Amino acid sequence: MTVKVGDALPDVTVKTWEDGVADLSIGALTEGKTAVIFGLPGAFTPTCSIRHLPGFVDHAEALMAKGVDVIAVHSVNDPHVMNAWNKQQGSEHIHTIADWNAEFAKALGVDADMSRTGLGIRAKRYALIVKNGEITYFGEGDLEVSGAEAILAAL
């Protein structure tokens, strides 16, 4: 079942990169904060690298000016790949959620079997706004609902 506006954000422990691989509690990342989390099928994939992540990099200051405390990118990739991609994209100020077992994707209900294209289980393209642990915006699909501009408009 997919999360919806008004639901509590699932607290799943995933991985991130902090001078090496580290555990990351989604609840601790977002506790008492306004957070934007956006998910995508994979680091280094075309639309994700050319449009989705760069949109949040370009609009990070505007998002923060609207009260966003945390911006995080979520993908079913390992933390090494997410760290390398984040550095390559120049987006080190955006937190990485390396969901290598798709546990967070499954908890959100955005997991998708992309085995047909060689990607295995991945996250669908989505974005959400979380305020004090509650989902206040959820857009699943193309960049018109999951891109940085959609999030800016929703704030």
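That block above? That's the structure.
Keep in mind that what you see is a predicted model, and the values were worked out from it rather than measured. (Residues numbered from 1 in each chain as written. Predicted model: local features only at pLDDT ≥ 70, side-chain atom pairs only at ≥ 80, totals over all residues. Heavy atoms only, no water.)

*Asks:* Teacher, can you tell me more about the overall build of the chain here?
*Replies:* When helices and strands are tallied, the chain shows seven helices and nine strands. Against the 2.2 N^0.38 benchmark of 15 Å for 155 residues, the chain shows a C-alpha radius of gyration of 14 Å, consistent with a compact globule. Viewed in the frame of its principal axes, the chain has a C-alpha envelope of about 35 × 35 × 30 Å. Within the chain, buried positions represent 52% of all 155 residues. Expressed as a percentage of contacts within the chain between residues at least 6 apart in sequence, the contacts between residues at least 24 apart total 60%. (Helix = DSSP H or I, 4+ residues; strand = E, 2+ residues; numbered from the N terminus. Rg over C-alpha atoms; globule rule 2.2 N^0.38 Å. Buried < 20%, exposed > 50% of the residue type's maximum accessible area, 1.4 Å probe, protein only. Contact = heavy atoms within 4.5 Å.)

*Asks:* Explanation requested: helix 4 (residues 79–89) in the structure shown.
*Replies:* Since one α-helical turn is 3.6 residues long, residues separated by three or four positions face the same way. Those residues of helix 4 that fall on the buried side of the exposure criterion are Pro79, Met82, Asn83, Trp85, Asn86 and Gln89. Considered in projection along helix 4, the buried side chains sweep an arc of 165° and stay on one side of the axis. Turned more than 90 degrees away from the buried face of helix 4 sit Lys87 and Gln88, all of them exposed. Among the structural elements, strand 1 (13–17), strand 2 (21–25), helix 2 (46–58), strand 4 (70–75) and strand 5 (95–98) are those in contact with the buried residues of helix 4. Where helix 4 begins, one side-chain oxygen reaches toward the backbone nitrogen of His80, 2.8 Å away; that side chain belongs to Asp78. Taken from the residues just after helix 4, Gly90 is the one with a positive phi, measuring 70°. (Arc of directions from axis to C-beta. Polar contact = N/O pair within 3.5 Å; in protein donor to acceptor, adjacent residues only side chain to side chain.)

*Asks:* When you look at the nonpolar core in this model, what are you seeing that I'm missing?
*Replies:* In globular proteins that are soluble, nonpolar side chains generally tend to be buried together. Counting 24 residues, the largest nonpolar core has Leu9, Ile37, Ile97, Phe104, Leu108, Tyr126 and Leu128 as the members making the most contacts within it. Not counting residues up to four positions away in its chain, the partners in contact with Tyr126 are Ile37, Phe38, Gly39, His52, His74, Phe104, Leu108, Val110, Phe138, Gly139, Glu140 and Ser146. (Core = buried A, V, L, I, M, F, W, Y, C linked by side-chain atoms within 4.5 Å.)

*Asks:* Quick question: what am I supposed to make of the pattern of salt bridges here?
*Replies:* In a structure, side chains of opposite charge can pair up when their charged atoms sit close to one another. All told, the structure shown has three salt bridges when counted by the stated rule. Here Lys4 and Asp7 are joined by a salt bridge, their closest N and O atoms 3.2 Å apart. A residue is classified by how much of its surface remains accessible, and Asp7, at 21% relative accessible area, is partly exposed. When the shortest N-O distance is used, the salt bridge between Asp23 and Lys15 registers 2.5 Å. (Salt bridge = Lys/Arg side-chain N within 4 Å of Asp/Glu carboxyl O.)

*Asks:* Looking at this structure, how should I read the layout of surface pockets?
*Replies:* Unfilled space is identified by rolling a water-sized probe across the atoms. Its boundaries defined by the atoms lining it, the largest pocket holds a volume of some 210 Å³. Listed by contribution, the elements that provide at least two residues to the lining of the largest pocket are strand 1, helix 4 and strand 5. No other element matches helix 4, which puts three residues into the lining of the largest pocket. Residues that form the lining of the largest pocket fall into these classes: four nonpolar, six polar and three charged. (1 Å grid on protein atoms, 1.4 Å probe; cavity = no way out; pocket = protein on both sides within 12 Å on 5 of 7 lines; lining within 4 Å. Points joined across faces, edges and corners; volume = space filled by probe spheres on them. Nonpolar A, V, L, I, M, F, W, Y, C, P; charged D, E, K, R; others polar.)

*Asks:* Would you take a moment to explain helix 2 for this structure?
*Replies:* For helix 2, built from 13 residues, the straight-helix expectation of 18 Å at 1.5 Å per residue is met to within 8% by its first-to-last C-alpha distance of 17 Å. When we look at burial in helix 2, the residues that qualify are Cys48, Ser49, His52, Leu53, Pro54, Gly55 and Phe56. (Expected span 1.5 Å × (residues − 1).)

*Asks:* What is the right way to look at the pairing of strand 2 in this model?
*Replies:* Of the two faces of strand 2, the one holding Ala22 and Leu24 is buried and the one holding Val21, Asp23 and Ser25 is not buried anywhere. Bridge analysis of strand 1 against strand 2 gives five bridges, and the strand direction is antiparallel. When the sheet's bridge partners are listed, Thr16 is paired in strand 2 with Ala22. Where strand 1 folds back on strand 2, the antiparallel hairpin that results is connected by three residues, among which Asp19 adopts a positive phi of roughly 55°. (Pairing = 2+ DSSP bridges.)

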